[in-house]
Amino acid sequence: MLELYSAPESLCSQKVKLVLVEKNLEWKSHLLNLLTFENLQPNYIQLNPKGVVPTLIHDSRVVTDSAMIVRYLDEQFPNPKLTPTESTLQEKMKGWIELQNQFPMRELMYGNFRGIEGIVLRRSVQIKQRLLPKLMQSHPELQAQYEAKLKDVRQWNSIIQDRKKIDSINRKIEPMLTQLEAQLTQTEWLCGVTYSLADVVWTAVLNRLEKLKFGYLWADNTHPALSAYLNRLKARPSFKTAIQGDEMPLPMLLAGLRRTLLGI
Ligand SMILES: N[C@@H](CCC(=O)N[C@@H](CS)C(=O)NCC(=O)O)C(=O)O
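Per an unreviewed UniProt entry, the protein chain goes by the name Glutathione S-transferase family protein and belongs to Drouetiella hepatica Uher 2000/2452.

Next comes the structure, spelled out in structure tokens:
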């Protein structure tokens, strides 16, 4: 009934998986390897014209974009409901999700990962830039989609190669955390007394920021409410299933390394 196209360790996929687990739903998983560019293959572009994960299929309805998917799941499967009933809180939830969506997480991740992981990720974007014109040529019926993707990838590539731009993105993290801290000194969850989709989204993001070594921004009691909140998020069973268990399977990783580092 539910099928999810996702990628291991993908932030946007993790948001959707968190919701599926919170709601105790089962789904059929289709794992795509972003490092071998399975997301750019014609059959996937036909499903998701932007060539990104995640994509949800529910009874032959295709839903794309993680923010749309989590909302869709909450409407279709309201038990437990992850949207507050009060309209002011619903607006608040929207605001927290938008704040996160407007933040360039993709550039932040690809620009900040260090070591081999960073090299592989940044190379993968360069390879995409070379691959897309070829795909466009061999699949003229998907020209518009590939052209839009190429434009996006060029911009993405130019940002992650530019240290000044990445530093400027990095400086925007702290003010965002300060907003969260102000809220979390007042309420247990971002929208009051119950866990909501806003908390889902920020679970994935805060965890990723920590992985990128930005955890120092809330360590040492600098943002104590936020730090305690992250511990509460991590204590939920959904965190363990959707995020901790989300490592890239070894054969996929090896295929990705071969493709990005050796070009085969
Ligand atoms: N706004 C989209 C963004 C999706 C997105 O950027 N997904 C990333 C993984 S987290 C992806 O597929 N990247 C591969 C690519 O863009 O080629 C969403 O929230 O679903």
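Some words on the site of the ligand
The environment of the ligand is made up of 13 residues, and the closest members are Val 53, Asp 65, Ser 66, Lys 128 and Lys 149. Lys 149 places a polar side-chain atom, nitrogen or oxygen, 2.8 Å from an oxygen atom of the ligand. Summarising the interface, the protein chains cover 84% of the accessible area of the ligand, which totals 510 Å² for the free molecule. Taken atom by atom, the bulk of the ligand overlaps the largest pocket. Contributing elements (two or more residues each) for the shell around the ligand: helix 1 (11-22) and helix 7 (143-160). Tallied by class, residues from the shell around the ligand come to six nonpolar, four polar and three charged. Looking at which domains feed residues into the shell around the ligand, each of domain 1 (2-79 + 87-107 + 167-262) and domain 2 (108-166) gives three or more.

Some details on the pairing of strand 3 (residues 55-58)
Along strand 3, one buried face is formed by Thr 55 and Ile 57 and the opposite face, lined by Leu 56 and His 58, is buried too. The pairing of strand 1 (residues 2-6) with strand 3 spans four bridges and is classified as antiparallel. Residue pairing across strands places Glu 3 opposite Ile 57, the latter belonging to strand 3. In terms of strand pairing, strand 3 meets strand 4 (residues 61-64) through four bridges, oriented antiparallel. For Thr 55, the partnering residue across the bridge sits in strand 4 and is Thr 64. Count of turn residues in the strand 3/strand 4 antiparallel hairpin: two residues, of which Asp 59 carries a positive phi of about 45°.

Thresholds applied
Per chain, residues are indexed from 1 in the order of the written sequence. Restriction of local features to residues with pLDDT of at least 70 applies here, the model being predicted, together with a cutoff of 80 or more for giving and counting side-chain atom pairs; totals for whole chains, interfaces and linings are based on all residues. Calculation of side-chain values draws on the structure's entire complement of heavy atoms; hydrogens and water are dropped beforehand. When at least one non-hydrogen atom of a residue lies within 4 Å of a molecule or strand, that residue is treated as near it. Under the rule applied, a polar contact is a pair of N or O atoms within 3.5 Å (in protein, one hydrogen donor and one hydrogen acceptor; residues adjacent in sequence only if both atoms are side-chain atoms). Areas reported as accessible are Shrake-Rupley estimates using a 1.4 Å probe. Residue values count occlusion only from the protein chains shown. Think of a 1 Å grid over the protein atoms and nothing else: a 1.4 Å probe that fits but is trapped marks a cavity, an open set flanked by protein within 12 Å on at least five of seven lines marks a pocket, and residues with an atom within 4 Å of a point count as lining. Grid points define the cavity or pocket, and a molecule sits in it when more than half of its atoms lie within 2 Å of them. We count a stretch as a helix when DSSP gives it H or I for four or more residues in a row; a strand needs E for two or more, and each element gets its number in order from the N terminus. Ten residue types, Ala, Val, Leu, Ile, Met, Phe, Trp, Tyr, Cys and Pro, are classed as nonpolar, four, Asp, Glu, Lys and Arg, as charged, and the remainder, Gly among them, as polar. Segmentation of the chain into domains, including their bounds, is taken from an automatic or database domain assignment. Burial status follows relative accessibility: with a 1.4 Å probe on protein chains alone, a residue under 20% of its type maximum counts as buried, one over 50% as exposed, and anything between as partly exposed. Strand pairing is assigned whenever DSSP detects at least two bridges linking the two strands.

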